[in-house]
Amino acid sequence: MDDGIKQGALARLGLLDEDAVARASDLLASVRNSTVETVRVLFADQHGVLRGKTVVASAFGSVLANGINAPSTLLLKDTAHRTVYPVWDGAGDSPIRGAGDVLLVPDPATFRTLSWSPRSAWILCDAVMTSGAEIAFAPRTVLRRAVARLGAQGMAMRMGLEVEFHVYALNDEAVSHADATMPPRPAQTRPLAAGYQLLTETRYARLEPVMDRLRHACQHMGLHVRSMEVEMGPSQFEFTFDPGDPMTQADNMMMFRTLTKEVCAQQGLHATFMCRPRLENACASGWHLHQSLLDRATGASLMMPRADGTPSAQASAWIAGLLDHAVESCLLTTPSVNGYKRYQPFQLAPDRIAWGRDNRGTMVRGLMTPGDPASRIENRVAETSANPYYFFASQILSGLDGITRALTAPAPVENPYEGPAEALPASLGEAIDAFAGSAFYRDALGDGVVDYLVRIKRAEWARYLGAVSEWEQAEYFGLY
């Protein structure tokens, strides 16, 4: 056991127990005996973007022992990287005062070397106050608390990821001085292959060099890729992953999104997880989250249906909870202005709150078969840019509430785009209002967390409403 880590600031603050000190010591010994020269010390911000600092390998022991400081304003920014909370006027209503620092506490289990940068590595961190106190709205903290609630009820979850995204060739990277706006101007791109040939072998062969580079990077990092698929739209991909526990899968999603962008950038390509790019003939990308519920003690499936095919009591209640809280959860599942433009009928995406058996048009798709321990549900509501920690927490808290209240799911629908089911929010503005007024989330997450996220997303929504669109210019500039 490394004495420096055992006696370091993190241990003194109570942030490392004996087991954690041992794990950090083992990692440090491994790095010292490796070819790693730099370690990127990262945390997931409120938007699901990795941020952090890079240290040389000889300084990594200090990071494991003492953590590393980062500006607290990183947690106060919107998607344009603008600090939307006041920090210089006595801190106002800012949840973190004075533009000081937060402390990043590395998690040795997340250490990964990078195949595309072979002398560098990643490690993910928890963001806490410099005193060691938790930050209630920090993404990993929010998910960890939700998982603990589920565990306290004797249950555990397994989650499987299906992630759609686009990879384009670059015509213009948009890195001139004039392009350096806030946010920066978008790159100009072209497809790598024509679309609308779902799962076509010849399209896969054309895209295989990119698929392989991404697959190799995932496998090198221990991300358990299950399949690589040609999706519907031009240059649209889908990767699926083996199931795992919520925190591991949230960390994996952060790594996958980031490695995809970095690996593609090295090849002169542009990867994007934006839901619906404003490009001719582009298809929207969705994130389909498979969820199974297990007895924590035995590992037995709690979602396996009865012999007649009807859902188990737990599965029915879980589905009912997801449906009941779907509107107020949308800020966590679909956090961008753009994501609501995916909710269109007859597009293999949901536009209302319903569930169905093996029905890809419903919000919740039931994949439950008598005798099948892999029985599960698939929630198709989220966009691929969602913060995975917040998204997963919303599913756990909503489903668990359904079980706690002994809810029963309504009858499954056959035609998901007809009938009286409630519509999903039509805009980010509607989603913000629903989340802000949610008694459920104010109880489950706390007023401080809800108000924090609402403040940040309202700033984004206000900038959107204040921007003049191409539609407005075409509609009114010549008419009046």
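Residues numbered from 1 in each chain as written. Predicted model: local features only at pLDDT ≥ 70, side-chain atom pairs only at ≥ 80, totals over all residues. Heavy atoms only, no water.

In the annotation of an unreviewed UniProt entry, the entry for the protein reads Glutamine synthetase, and the organism field reads Sulfitobacter sabulilitoris. Within the UniProt record for the protein, the comment given under Cofactor (unreviewed entry) is "Mg(2+)". In the Sequence similarities (unreviewed entry) part of its UniProt record, the protein is described as follows: "Belongs to the glutamine synthetase family." (UniProt positions renumbered as here; feature names shortened; annotations may be inferred.)

Caption draft 1: Seen up close, the overall build of the protein. Helices and strands together make up the secondary structure of the protein, namely 14 helices and 15 strands. Against the 2.2 N^0.38 benchmark of 23 Å for 480 residues, the protein shows a C-alpha radius of gyration of 23 Å, consistent with a compact globule. C-alpha extents for the protein along the principal axes are approximately 65 × 60 × 55 Å. Sorting the 480 residues of the protein into buried and exposed places 54% on the buried side. In the protein, the share of contacts with a sequence separation of at least 24, taken over all contacts with a separation of at least 6, comes to 70%. (Helix = DSSP H or I, 4+ residues; strand = E, 2+ residues; numbered from the N terminus. Rg over C-alpha atoms; globule rule 2.2 N^0.38 Å. Buried < 20%, exposed > 50% of the residue type's maximum accessible area, 1.4 Å probe, protein only. Contact = heavy atoms within 4.5 Å.)

Caption draft 2: Fine view of the packing of aromatic side chains. Under the defined criterion, the tally for this structure stands at 21 aromatic pairs. When the ring of Phe391 is compared with that of Phe392, the centres are 5.7 Å apart and the planes differ by 50°; the resulting orientation is tilted. Owing to a relative accessible area of 0%, Phe391 belongs among the buried residues under this scheme. The structure contains a cluster of three or more aromatic residues connected by ring pairs, namely Phe165, Phe237, Phe239, Phe241, Phe256 and Phe273. When the ring centre of Tyr85 is taken as reference, the NZ or CZ atom of Arg455 above it lies at 4.7 Å. (Phe/Tyr/Trp six-rings, centres within 6.5 Å; stacked < 30°, edge-to-face > 60°. Lys NZ or Arg CZ within 6 Å of the ring centre and 35° of its normal.)

Caption draft 3: Quick peek at the UniProt feature "domain: GS catalytic" (unreviewed entry) in the protein. Taking the numbering used here, the UniProt-annotated feature "domain: GS catalytic" (unreviewed entry) corresponds to residues 139-480. End-to-end, the C-alpha atoms of residues 139-480 are 48 Å apart, and along that stretch the chain is 39% helix and 19% strand.

Caption draft 4: Just the side chain of Arg112, in detail. In this structure, Arg112 sits in strand E5 (residues 112-114). The buried charged residue Arg112 lacks any salt bridge, with Asp251 as its nearest oppositely charged partner at 7.1 Å. For Arg112, the contacting residues outside a window of four places in its chain are Ala121, Trp122, Met221, Asn252 and Met255. (Lys, Arg positive; Asp, Glu negative; His and termini not counted. Salt bridge = Lys/Arg side-chain N within 4 Å of Asp/Glu carboxyl O.)

Caption draft 5: Representation of the pattern of salt bridges within the structure. For the coordinates displayed, the defined rule picks out 23 salt bridges. Residue Arg185 is joined to Asp179 by a salt bridge in which the shortest nitrogen-to-oxygen separation is 3.8 Å. Taking the relative accessible area as the measure of exposure, Asp179 reaches 13% and is therefore buried. The salt bridge involving Asp451 is made with Arg442; its shortest N-O contact spans 2.8 Å. Judged by relative accessible area, Arg442 falls into the partly exposed class, the value being 25%. Look at the salt bridges and you will find they share partners, linking Asp107, Asp126, Arg140, Arg144 and Asp251 into a network.

Caption draft 6: Representation of the nonpolar core. Of all hydrophobic cores here, the largest spans 142 residues; its most connected members are Phe60, Leu259 and Trp287. A total of nine residues in this core trace back to one element, the largest contributor, which is helix H7 (residues 246-266). Both domain 1 (3-133) and domain 2 (146-476) contribute no fewer than three residues apiece to this core. (Core = buried A, V, L, I, M, F, W, Y, C linked by side-chain atoms within 4.5 Å. Domains from an automatic or database assignment.)

Caption draft 7: Expanded view of the domain arrangement of the protein. Taken as a whole, the protein is organised into domain 1 (3-133) and domain 2 (146-476). The straight-line distance from the C-alpha centre of domain 1 to that of domain 2 is 27 Å. Taken together, the contacts link 29 residues of domain 1 with 27 residues of domain 2. Arg40 is paired through a salt bridge with Glu262; the nearest N and O atoms lie 3.2 Å apart. Counting across the interface, domain 1 meets domain 2 through 15 residue pairs in polar contact (both at pLDDT 80 or more). Elements with a contribution of two residues or more to the side of domain 1 that touches domain 2: strand E1 (38-44), E5 and strand E6 (117-129). The leading source of residues in the side of domain 1 that touches domain 2 is E5, at three residues. Classifying every residue of the side of domain 1 that touches domain 2 gives 14 nonpolar, eight polar and seven charged. (Polar contact = N/O pair within 3.5 Å; in protein donor to acceptor, adjacent residues only side chain to side chain. Nonpolar A, V, L, I, M, F, W, Y, C, P; charged D, E, K, R; others polar.)

Caption draft 8: Structural context of the packing of helix H9 (residues 326-333) against helix H10 (residues 388-404). The interhelical angle for the contact between H9 and H10, taken along N-to-C directions, is 160°, at an axis separation of 8 Å. Taken together, the axes of H9 and H10 are roughly antiparallel relative to one another. Two secondary-structure elements touch here, H9 through Ser329, Leu332 and Thr333 and H10 through Tyr390, Phe391, Ser394, Gln395 and Ser398. Of the residues that constitute the contact of H9 with H10, the class distribution is three nonpolar, five polar and no charged. (Axes fitted to C-alpha atoms, helices over the stretch in contact; angles between N-to-C directions. Parallel < 35°, antiparallel > 145°, perpendicular 65-115°, else oblique.)

Caption draft 9: Highlighting a nonpolar patch on the surface. There is a patch of nonpolar side chains on the surface, built from Trp471, Tyr476, Leu479 and Tyr480 and spanning about 560 Å² of accessible area. Its location among the elements puts Tyr480 in the segment after helix H14 (470-476). (Patch = residues over 30% accessible without salt bridge, like charges linked within 9 Å, V, L, I, M, F, W, Y side chains within 5 Å. Areas by Shrake-Rupley, 256 points an atom, 1.4 Å probe, with all protein chains shown as cover.)

Caption draft 10: The arrangement of the pairing of E6 in detail. Bridging between E1 and E6 involves five bridges; their strand directions are parallel. Within E6, the residue paired with Val39 across the bridge is Ala121. With three bridges connecting them, E5 and E6 associate as antiparallel partners. Considered in E6, the bridge of Thr113 is made with Ala121. Counting the residues in the hairpin turn of E5 and E6 gives two residues. (Pairing = 2+ DSSP bridges.)

Caption draft 11: Layout of the state of the cysteines. Summed over the entire model, instances satisfying the criterion amount to zero disulfides. Not part of a disulfide, Cys264 finds its nearest cysteine sulfur in Cys218, a span of 10 Å. Classification of Cys264 by relative accessible area gives buried; the value is 2%. Cysteine Cys283 shares no disulfide, and the gap to the nearest cysteine sulfur, in Cys275, comes to 11 Å. (Disulfide = S-S within 2.5 Å.)

Caption draft 12: Summary view of unusual backbone geometry. Residues Met182 and Pro183 are joined by a peptide bond in cis, for which omega reads 5°. Checked against the element boundaries, Pro183 lands in the loop between strand E7 (155-172) and strand E8 (188-191). Although it is not a glycine, His81 sits at a positive phi angle of roughly 70°. Counting through the fold element by element, His81 comes out in the loop between strand E3 (68-71) and strand E4 (101-106). For His81, a relative accessible area of 39% puts it in the partly exposed group. For Ala406, which is not a glycine, the phi torsion comes out positive at approximately 55°. With respect to the helices, strands and loops of the structure, Ala406 is situated in the loop between H10 and helix H11 (428-436).

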